[in-house]
Amino acid sequence: MTKHFKPFNTLYIDSQSILEPKGKEITRRLSDMVEMYQDQEAAQALLDENPLIYEVFNVEVPENIEHIQHCITVLYPGKVGEEFFMTKGHYHEILNRAEIYFCFKGEGKLVMQTQDGDYDELDMKPGTISYVPPNWAHRTVNTGNEPFVFFAAYPGDAGHNYGEIEKIGFKKVIVNEAGTVKTADNPRYQFS
Ligand code: PAN
Ligand code: ZN
């Protein structure tokens, strides 16, 4: 008889931010992404405190096309200057791998772009299911006052490519302007 991969449950305990069984965890503090924020003076000033920006709790499954990777991201509230806390953002290493996000706590934006210059963003709140189609880089931004928590699922072989986004970021940045959430041009991005 063929030995099949066994089905299993994972339980995310929101009150403790833990996954059972525990998988690979990624913790990103400001020092891990300080250059990605626009206001470098504000970023440097916050470095002593080095706030926790987000955590990713991964369910461990094989990294191949037969499987579906899935994880929980907890993105904390806060700002660097006027720019809201955000994830690094990435293209998938295999560019045409799609992804689904499901928000169950907090609020935020899902910022996306393609390599040929398309840009889009979606609002997320508890209950929102967002589809990131193939070829779109994606980043989340916490625009609220509480942790923004979402589940993600994507093909097991997708991989993550941070390179390009790490250098120049997305076309747009999400900032606080007099108490409202605003999408502004990213000055580092080359507009044609
Ligand atoms: C998500 C992200 C997660 C953290 O699981 O990896 O929210 O964001 P960064 O990977 O950009 O730091 C996902 O999109 N996986 O493919
Ligand atoms: Zn992704």
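About the criteria used
Residues numbered from 1 in each chain as written. Chains lettered and ligands numbered in written order. Predicted model: local features only at pLDDT ≥ 70, side-chain atom pairs only at ≥ 80, totals over all residues. Heavy atoms only, no water. Donors = N, O, S within 2.8 Å, 3.2 Å for Na, K, Ca; no water. Tetrahedral: all angles 85-135°; square planar, octahedral: opposite > 155°, others 65-115°. Helix = DSSP H or I, 4+ residues; strand = E, 2+ residues; numbered from the N terminus. Buried < 20%, exposed > 50% of the residue type's maximum accessible area, 1.4 Å probe, protein only. Pairing = 2+ DSSP bridges. Axes fitted to C-alpha atoms, helices over the stretch in contact; angles between N-to-C directions. Phe/Tyr/Trp six-rings, centres within 6.5 Å; stacked < 30°, edge-to-face > 60°. Lys NZ or Arg CZ within 6 Å of the ring centre and 35° of its normal. 1 Å grid on protein atoms, 1.4 Å probe; cavity = no way out; pocket = protein on both sides within 12 Å on 5 of 7 lines; lining within 4 Å. Points joined across faces, edges and corners; volume = space filled by probe spheres on them. Nonpolar A, V, L, I, M, F, W, Y, C, P; charged D, E, K, R; others polar.

Asker: Can you walk me through the coordination of the zinc ion (ligand 2) in this structure?
Answerer: Bound to the zinc ion (ligand 2) on the protein side are H90 (NE2), H92 (NE2), E99 (OE) and H138 (NE2), at distances that span 2.0 to 2.2 Å. One way to put it: the six donor atoms around the zinc ion (ligand 2) meet at angles of 76 to 175°, and that makes the site octahedral. We note that the donor set of the zinc ion (ligand 2) lies within a single chain, spaced as H-x1-H-x6-E-x38-H. Taken together, the residues H92 in strand β8 (residues 91-92) and H138 in strand β13 (residues 137-142) connect sequence positions 46 residues apart. Across the pair, H138 and H92 agree in class, each one buried.

Asker: Would you mind showing me how to read the sheet that holds strand β4 (residues 52-59) here?
Answerer: Strand pairing in a sheet takes place through backbone hydrogen bonds and is either antiparallel or parallel in direction. Strand order in the open sheet formed by six strands is β3-β4-β5-β14-β9-β12, with antiparallel pairing between adjacent strands. Looking along the sheet, the strands with just one partner apiece sit at the ends: β3 (25-29) and β12 (129-132). Direction aside, the axes of adjacent strands within the sheet are offset by 20° on average.

Asker: Looking at this structure, how should I read the packing of aromatic side chains?
Answerer: How two aromatic rings sit relative to each other is given by the distance of their centres and the angle of their planes. Overall, the coordinates contain six aromatic pairs when judged by the stated rule. Between Y12 and F57 the ring centres are 6.2 Å apart and the planes differ by 45°, which places this aromatic pair in the tilted class. Of the two residues, Y12 is situated in strand β1 (residues 11-13) and F57 in strand β4; the sequence distance between them amounts to 45 residues. A residue is classified by how much of its surface remains accessible, and F57, at 3% relative accessible area, is buried. Where Y101 meets F150, the ring centres are 4.6 Å apart and the plane angle is 35°; that geometry is what we call tilted. Note that Y101 is positioned in strand β9 (residues 99-105) and F150 in strand β14 (residues 148-155), a separation of 49 residues in sequence. Note on accessibility: Y101 and F150 belong to one class, buried. Each residue in the set Y12, F57, F102 and F104 is aromatic and connected to the rest through ring pairs, giving one cluster. Positioned above the aromatic ring of Y162, the side-chain terminus of R28 is 5.9 Å from the ring centre. For the cation-ring pair, K88 lies above Y162, with the distance from its terminal atom to the ring centre recorded as 5.1 Å.

Asker: Explain empty space enclosed by the protein here, please?
Answerer: Which parts of space are left empty comes out when a probe the size of a water molecule is rolled across the atoms. In total, this model carries three cavities of 30 Å³ or more according to the counting rule given. Each pocket or cavity is described by its volume, and for the largest cavity that value is around 60 Å³. Around the largest cavity sit 14 residues that line it, and M36, Q38, R139, G169 and F170 are the ones nearest its centre. A per-element tally of the lining of the largest cavity places helix α2 (residues 163-168) first, with three residues. The residue makeup of the lining of the largest cavity, split by class, is six nonpolar, three polar and five charged. Taken as a whole, the second largest cavity encloses approximately 40 Å³ of empty space. Along its surface, the second largest cavity is lined by E83, M86, V111, R139, V141, K172, V173 and I174. Counting only elements with at least two residues in the lining of the second largest cavity, the list comes to β13 and β16 (172-177). In terms of residue count, β16 provides more of the lining of the second largest cavity than any other element does, three residues in total. In terms of residue class, the lining of the second largest cavity is built from five nonpolar, no polar and three charged.

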